[in-house]
Amino acid sequence: DVKVTQSSRYLVKRTGEKVFLECVQDMDHENMFWYRQDPGLGLRLIYFSYDVKMKEKGDIPEGYSVSREKKERFSLILESASTNQTSMYLCASRGTYSLEAQYFGPGTRLLVL
Amino acid sequence: AQTVTQSQPEMSVQEAETVTLSCTYDTSESDYYLFWYKQPPSRQMILVIRQEAYKQQNATENRFSVNFQKAAKSFSLKISDSQLGDAAMYFCAYIIGNQFYFGTGTSLTVIP
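Anyway, here's the lowdown on the structure attached to this text. (Residues numbered from 1 in each chain as written. Chains lettered and ligands numbered in written order. Predicted model: local features only at pLDDT ≥ 70, side-chain atom pairs only at ≥ 80, totals over all residues. Heavy atoms only, no water.)

1. A closer look at the packing of aromatic side chains
This is how the line gets drawn: Any Phe, Tyr or Trp ring, taking Trp's six-membered ring, that has another such ring centre within 6.5 Å forms a pair; planes under 30 degrees apart are called stacked, those over 60 apart edge-to-face, and the others tilted. Helical segments are the DSSP runs of H or I of at least four residues, strand segments are the runs of E of at least two, and each set is numbered from the N terminus. Only protein chains enter the accessibility calculation, which uses a 1.4 Å probe. A residue is then buried if its area is under 20% of the maximum for its type, exposed if over 50%, and partly exposed in between.
The tally for this structure, following the rule as stated, stands at 17 aromatic pairs over all chains. Between tyrosine 35 of chain A and phenylalanine 104 of chain A, the ring centres sit 6.0 Å apart and the planes meet at 40 degrees, which makes this aromatic pair tilted. Placement of the pair is tyrosine 35 of chain A in strand 4 (residues 31–38) and phenylalanine 104 of chain A in strand 10 (residues 103–104), with a sequence separation of 69 residues. Taken as a pair, tyrosine 35 of chain A and phenylalanine 104 of chain A share a single burial class, namely buried. Clustering of aromatic rings is evident, with ring pairs tying together Phe33, Tyr35, Phe48 and Phe104 of chain A together with Phe35, Tyr37, Phe100 and Phe102 of chain B.

2. Observations regarding the state of the cysteines
Residue and element names in this part refer to chain A. Just so we agree on the cut-off: Put simply, a disulfide is two cysteine sulfurs that come within 2.5 Å.
Under the defined criterion, the tally for this structure stands at 2 disulfides over all chains. The side chain of cysteine 23 participates in a disulfide bridge whose partner is cysteine 91; the two sulfur atoms lie 1.9 Å from each other. Torsion about the S-S bond of the cysteine 23 and cysteine 91 cystine: about -75 degrees, corresponding to left-handed handedness. Highlighted residues: cysteine 23 in strand 3 (residues 19–25) and cysteine 91 in strand 9 (residues 87–94), separated in sequence by 68 residues. Accessibility classification places cysteine 23 together with cysteine 91 in one group, the buried group.

3. A look at the sheet that holds strand 3 of chain A
Residues and elements named next belong to chain A. Quick reminder of the rule: A pair of strands counts as paired when DSSP detects no fewer than two bridges linking them. Convention adopted: a line fitted to C-alpha atoms gives each axis, helices being fitted over their contacting stretch, and angles between N-to-C directions are expressed from 0 to 180 degrees.
Strand order in the open sheet formed by 4 strands is 1-3-8-7, and the pairing between neighbours is antiparallel. Each of the sheet's edge strands pairs with one partner strand only, and the pair in question is strand 1 (4–6) and strand 7 (64–70). For this sheet, the mean angle separating the axes of adjacent strands, direction not counted, is 20 degrees. When strand 1 meets strand 3, the two strands line up antiparallel, connected through 3 bridges. Each residue of the ladder has a partner; that of threonine 5, found in strand 3, is valine 24.

4. Details of the pattern of salt bridges
Residue and element names in this part refer to chain A. Applicable threshold: Only one rule defines a salt bridge in this text: a Lys or Arg side-chain nitrogen within 4 Å of an Asp or Glu carboxyl oxygen.
All chains considered together, the criterion is met by 10 salt bridges over all chains. Notably, a salt bridge pairs glutamate 79 with lysine 18, separated by 3.7 Å at the nearest N-O pair. Residue glutamate 79 is located in the loop between strand 8 (73–78) and strand 9, and its partner lysine 18 is located in the loop between strand 2 (10–13) and strand 3; the two are separated by 61 residues in the primary sequence. Here glutamate 79 falls in the partly exposed class, since its relative accessible area comes to 41%. Lysine 18 gets classed as partly exposed once you look at its relative accessible area, which sits at 45%. Residue glutamate 30 pairs with lysine 71 through a salt bridge whose shortest N-O separation is 3.7 Å. Of this pair, glutamate 30 sits in the loop between strand 3 and strand 4 while lysine 71 sits in the loop between strand 7 and strand 8, and the two are 41 residues apart along the sequence. Classification of lysine 71 as partly exposed rests on a relative accessible area of 25%. In the salt-bridge network here, residues are joined through shared partners; they are Asp28, Glu30 and Lys71.

In structure tokens:
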């Protein structure tokens, strides 16, 4: 079974802090993704990576950056957290087969005060 | 623009009954893949069922089946013999290339 883990289930940070969210997958997947999930808005793609050190902006990259130094690990960085970044953050990974689904982590619920 | 519409924010079904969740999408691409995901309360999002757009036959996974109408760009999910464990948020999605596009979700309540 594919396992995608995220470093924290719940996180509380203060405005202006730098926040690191980490995601690790154990299936040697090339592709990894960070989403933000908000009620009524579904999942919105922040960034994705198709290889080590490669990244692509998604629909809402502003205020975020990512890092992928190793294949199994994909980090989301909030450079200076703001209250409007309070949300659920989901990481996912996926192989290269066309019909392959994304496999999701448990999510990190971030509260920025 | 690629969009996915789930017009039913909330639905409910009696245990053991059948429910259909609707999904429509908009794309000009001809080669894509469709998915339904389930997110139980406070739990991980998991795949329910998937469909290749070039296949006319509707996918089925046990009590879950889809009604795929390519011309109408419709991809509804039917859950038969609903169980309490089916209560969750359901997301419809499609993928083009390496990018997934998700709907806003339908919250399903199962009434005992």
